[in-house]
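Each chain, letter by letter, is given below.
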Amino acid sequence: MAVMVGAADTQARETWEEAGLRVADLIGVAHGGHVLLERPSSDGGGAGYMVERIDWFRARLPDGMLPCNQDGEVQRFELLPPSTLRAWLVQGLFTLEASLVIAGFLGL
């Protein structure tokens, strides 16, 4: 039996898994946009094809609250000034998915 999961459930689960944060504790949560990735995959002996839609959100953390990855998918968190964030983006220091979300956040 298939179980349908709503967008709010997915947002809450991913926010917890990736950052150890509860959506209800965040300030000013707003949808920022989405990224659509389509590319060949090594699955199926190279015959696979991946389609992924990433919806990203903006929010502020309350004072004293820090993100902490729960599932091992995030290497680390850093608070960066916009100039450093742009420089790292140009240098290719982020995954493709993170780069596209960051570019959207920066309005690039």
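Thresholds, definitions, all that
- Residues numbered from 1 in each chain as written.
- Predicted model: local features only at pLDDT ≥ 70, side-chain atom pairs only at ≥ 80, totals over all residues.
- Heavy atoms only, no water.
- Axes fitted to C-alpha atoms, helices over the stretch in contact; angles between N-to-C directions.
- Helix = DSSP H or I, 4+ residues; strand = E, 2+ residues; numbered from the N terminus.
- Parallel < 35°, antiparallel > 145°, perpendicular 65-115°, else oblique.
- Left-handed = near helix turned anticlockwise from the far one by under 90°.
- Contact = heavy atoms within 4.5 Å.
- Salt bridge = Lys/Arg side-chain N within 4 Å of Asp/Glu carboxyl O.
- Core = buried A, V, L, I, M, F, W, Y, C linked by side-chain atoms within 4.5 Å.
- Buried < 20%, exposed > 50% of the residue type's maximum accessible area, 1.4 Å probe, protein only.
- Pairing = 2+ DSSP bridges.
- pLDDT = per-residue confidence, 0-100.
- Phe/Tyr/Trp six-rings, centres within 6.5 Å; stacked < 30°, edge-to-face > 60°.
- Lys NZ or Arg CZ within 6 Å of the ring centre and 35° of its normal.

1. Quick notes on the packing of helix H2 (residues 82-90) against helix H3 (residues 96-106)
Where H2 meets H3, the axes come as close as 11 Å, and the angle between the chain directions of the two elements is 140 degrees. Judged on the interaxial angle alone, H3 and H2 are oblique. Classified by chirality, the crossing of H3 by H2 is left-handed. Here H2 contributes Leu 85, Arg 86 and Leu 89 to the contact with H3, which in turn contributes Ser 99, Ile 102, Ala 103 and Leu 106.

2. Description of the pattern of salt bridges
With the rule as written, the count across this model stands at 5 salt bridges. Close ionic contact of Asp 55 with Arg 53 constitutes a salt bridge, the shortest N to O distance being 2.9 Å. A salt bridge links Glu 78 to Arg 76, with the nearest nitrogen and oxygen atoms 2.4 Å apart. One salt-bridge network, held together by shared partners, links Arg 13, Glu 14 and Glu 17.

3. With respect to the nonpolar core
In this structure, Leu 85, Leu 89, Ile 102, Ala 103 and Leu 106 together form the largest nonpolar core, which totals 5 residues. Broken down by secondary-structure element, the contributors of at least two residues to this core are H2 and H3. Broken down by element, the residue count for this core peaks at 3 residues, all from H3. Not counting chain neighbours up to four residues away, the residues in contact with Ala 103 comprise Leu 89 and Leu 108.

4. Regarding the pairing of strand E1 (residues 27-41)
Pairing of E1 with strand E2 (residues 48-60) involves 12 bridges; the strand directions are antiparallel. Looking across to E2, one finds that Ser 41 is bridged to Gly 48.

5. With respect to the confidence of the model for the chain
Scored by pLDDT, the chain has a mean of 89; 95% of the residues are at 70 or more. Summarising per-element confidence for the chain, the mean pLDDT is lowest in helix H1 (residues 7-19) (90) and highest in H2 (94).

6. A short note on the packing of aromatic side chains
Overall, the coordinates contain 2 aromatic pairs when judged by the stated rule. Here Trp 56 and Phe 105 contribute two aromatic rings whose centre-to-centre distance is 6.4 Å and whose plane-to-plane angle is 70 degrees, an arrangement assigned as edge-to-face. With Trp 56 in strand E2 and Phe 105 in helix H3, this residue pair connects regions lying 49 residues apart in the sequence. Plain terms: the ring middles of Trp 88 and Phe 94 are 6.3 Å apart, the flat faces sit at 45 degrees to each other, and that makes the pair tilted. The ring of Trp 16 is capped by Arg 22, whose NZ or CZ atom sits 3.9 Å from the centre of that ring.

7. Here we look at the side chain of Thr 15
Within the secondary structure layout, Thr 15 lies in helix H1. We classify Thr 15 as buried; its relative accessible area is 17%. Here Thr 15 is in contact with Gly 20, Leu 21, Val 23 and Leu 26, once residues within four sequence places are set aside.

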